[in-house]
Amino acid sequence: MPPAAPSPILRRRRLGVELRRLRETAHLTGDQVIDHLGWASASKLSRLENGRSRPDPQDVRKLLDLYHADEALRVELLGFTHEAGDIRGWLKSYPAMTQQQRGFAELEAGCAEISEYNPVLVPGLLQTTGYARVRISSARLVDQEAGGPEVEEDIETEIKARLARQSLLLRETDAPRYTAVLEETALGHRAGPPKVLGEQLAQLCELAMLPNVTLHVLPRDTPIGRWYLPPTAFSLYRFADPLDPETLAIEGGFTDVMSTEAIALNRYKVVFEWLCTAALSATDTLSWLMESSGRLSGAVIPSTVVNGPATAPVQRRGYSGRLTER
């Protein structure tokens, strides 16, 4: 499987960082730029610099002219502009993708490292088909009961979209380093029917054996740092290109927040380090997962990882099995 192309959202953010740097180097304020180009609203420049809008190539050319960007930089940034708008081209990497999953997939594409913590759920990149179906169905039920908008995609399409994202952990080259802290309570009986939970635990066992994946289970009664209590789920993304800004995603019940601000990123990096320190080691976590899987599912034997290659040998911690396609 080839490395994933940089996502449009990543290119928008990189373009925005460069445009802001060029403006500041030219000693121009945002208002001065708006006045010079005759744009109707200051928010247009703000959206471009913050990577919140699809860039118009003509607008970017005008900014590059104003900032007297050299030719090499012009070519690079206009290339970013094209990639930032090429949603259809990027989506060809995925057999299925829904609007709900796209935001996460765009962040994950081009990542060198992903760190995740969720106090109540197994993260999407680790979910089995059955677990994903339970989670998506329950969320749809809440929306229906609350009178929320009707979702166009059916549940099976949404599941395929979620599983399509998981392929990045199994890339033969440039697979990201993935680390997750899983709360023990998120792996208990409340998570789903016994069969679903048994399959999920079995898959976590297999994923924990991948050379680029590290899982930590956090026992329910273990204190974190100086009695710190993480308020919410979050993910940290570091990209292969060091000039692409690291990103924090804070996951709420029904709303997600993303940030590239250094202060926010550093706070959550500290929290993640505390979580990893408090949790079981990778080796002890694998033992915990295997024992829990055995107790719960009995005859269920880890045999697959979603979307995995048919013959992906695992050479880790003495495991001699194979990951096969589900």
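Whatever comes next refers back to the structure up there.
Overview of the structure. (Residues numbered from 1 in each chain as written. Predicted model: local features only at pLDDT ≥ 70, side-chain atom pairs only at ≥ 80, totals over all residues. Heavy atoms only, no water.)

**Remarks on the sheet that holds strand E2 (residues 177–183)**
Point 1. Taken together, the six strands give an open sheet; going across it, the order is E3-E2-E1-E4-E5-E6, and neighbouring strands pair in mixed fashion. The outermost strands of the open sheet, each flanked by one partner alone, are strand E3 (213–218) and strand E6 (256–259). Mean inter-strand twist for the sheet, computed between neighbouring axes without regard to direction, equals 10°.
Point 2. With six bridges joining them, strand E1 (residues 111–118) and strand E4 (residues 233–239) adopt antiparallel strand pairing. Among the inter-strand pairings, tyrosine 117 is bridged to a residue of E4, identified as phenylalanine 234.
Point 3. Sheet strands in contact with helix H11 (residues 262–278) are E1, E2, E3, E4, strand E5 (247–251) and E6, and its direction is about 110° off that of E4. (Pairing = 2+ DSSP bridges. Helix = DSSP H or I, 4+ residues; strand = E, 2+ residues; numbered from the N terminus. Axes fitted to C-alpha atoms, helices over the stretch in contact; angles between N-to-C directions. Contact = heavy atoms within 4.5 Å.)

**With respect to unusual backbone geometry**
Backbone phi values are negative for most residues with the exception of glycine, while trans is the configuration of most peptide bonds.
Point 1. At aspartate 174, a position not held by glycine, the phi torsion is positive, near 60°.
Point 2. For aspartate 174, the position within the fold is in the loop between helix H9 (155–165) and E2.
Point 3. On the accessibility criterion, aspartate 174 (56% relative accessible area) is exposed.
Point 4. Unusually for a residue other than glycine, tryptophan 227 sits at a positive phi of about 60°. (Buried < 20%, exposed > 50% of the residue type's maximum accessible area, 1.4 Å probe, protein only.)

**A few points about the packing of aromatic side chains**
Point 1. A complete count under the given rule lists four aromatic pairs for this structure.
Point 2. Measuring from ring centre to ring centre gives 5.7 Å for tyrosine 228 and tryptophan 274, while their planes differ by 70°; the resulting arrangement is edge-to-face. One end of the pair, tyrosine 228, is in the loop between E3 and E4; the other, tryptophan 274, is in helix H11, and 46 residues separate them in sequence.
Point 3. What makes tyrosine 228 partly exposed here is its relative accessible area of 28%. (Phe/Tyr/Trp six-rings, centres within 6.5 Å; stacked < 30°, edge-to-face > 60°.)

**Here's the deal with the environment of glutamate 24**
Point 1. Relative to the helices and strands, glutamate 24 is located in helix H1 (residues 8–25).
Point 2. Each C-alpha atom of the pair glutamate 24 and tyrosine 67 lies 9.3 Å from the other, and the pair is 43 residues apart in sequence.

**Some details on the pattern of salt bridges**
Point 1. Across all of its chains, the model carries 16 salt bridges by this definition.
Point 2. A salt bridge links arginine 14 to aspartate 244, with the nearest nitrogen and oxygen atoms 3.0 Å apart. In this pair, arginine 14 sits in helix H1 while aspartate 244 sits in the loop between E4 and E5, placing the two residues 230 residues apart along the sequence.
Point 3. What makes arginine 14 buried here is its relative accessible area of 3%.
Point 4. Assessed through its relative accessible area of 6%, aspartate 244 is described here as buried.
Point 5. Residue arginine 23 pairs with glutamate 49 through a salt bridge whose shortest N-O separation is 2.7 Å. Here glutamate 49 lies in helix H3 (residues 42–49) and arginine 23 lies in helix H1, a separation of 26 residues in the sequence. As far as burial versus exposure is concerned, arginine 23 and glutamate 49 are alike and both buried.
Point 6. Each of Arg11, Arg14, Glu18, Arg21, Glu76, Glu83 and Asp244 takes part in salt bridges that share partners, so that together they form one network. (Salt bridge = Lys/Arg side-chain N within 4 Å of Asp/Glu carboxyl O.)

**Looking at the packing of H1 against H3**
Point 1. Following both chains from N to C, one finds H1 and H3 inclined at 120°, their axes separated by 7 Å at the closest point. Put simply, H1 runs oblique to H3. Residues Arg12, Gly16, Val17, Leu19, Arg20 and Arg23 of H1 pack against Leu45, Leu48 and Glu49 of H3.
Point 2. Looking at the contact of H1 with H3 residue by residue, the class counts come to four nonpolar, one polar and four charged. (Parallel < 35°, antiparallel > 145°, perpendicular 65-115°, else oblique. Nonpolar A, V, L, I, M, F, W, Y, C, P; charged D, E, K, R; others polar.)

**Digging into the nonpolar core**
Point 1. If you look at the biggest cluster of nonpolar residues, it comprises 35 residues, and the most contacted ones within it are Leu126, Tyr178, Leu187, Leu204, Leu215, Tyr237 and Leu289.
Point 2. Looking at this core, the elements that each hand over two or more residues are helix H7 (99–108), E1, E2, helix H10 (194–207), E3, E4 and helix H12 (282–297).
Point 3. In terms of residues, this core owes the most to one element, H10, which gives six residues.
Point 4. Val33, Leu37, Val60 and Leu66 belong to the second-largest nonpolar core, a separate cluster that totals 18 residues. (Core = buried A, V, L, I, M, F, W, Y, C linked by side-chain atoms within 4.5 Å.)

**Quick notes on the environment of glutamine 166**
Point 1. Tracing the backbone shows glutamine 166 in the loop between H9 and E2.
Point 2. Sequence spacing of glutamine 166 and leucine 126 is 40 residues, and the spatial spacing of their C-alpha atoms is 7.1 Å.

**Overview of the packing of helix H2 (residues 30–37) against helix H4 (residues 57–66)**
Point 1. Put simply, H2 and H4 touch, their axes get as near as 11 Å, and they point 110° apart. With respect to H4, the axis of H2 lies roughly perpendicular. By crossing handedness, the relation of H2 to H4 is classed as right-handed. Contact residues: Val33, His36 and Leu37 in H2; Lys62, Leu63 and Leu66 in H4. (Left-handed = near helix turned anticlockwise from the far one by under 90°.)

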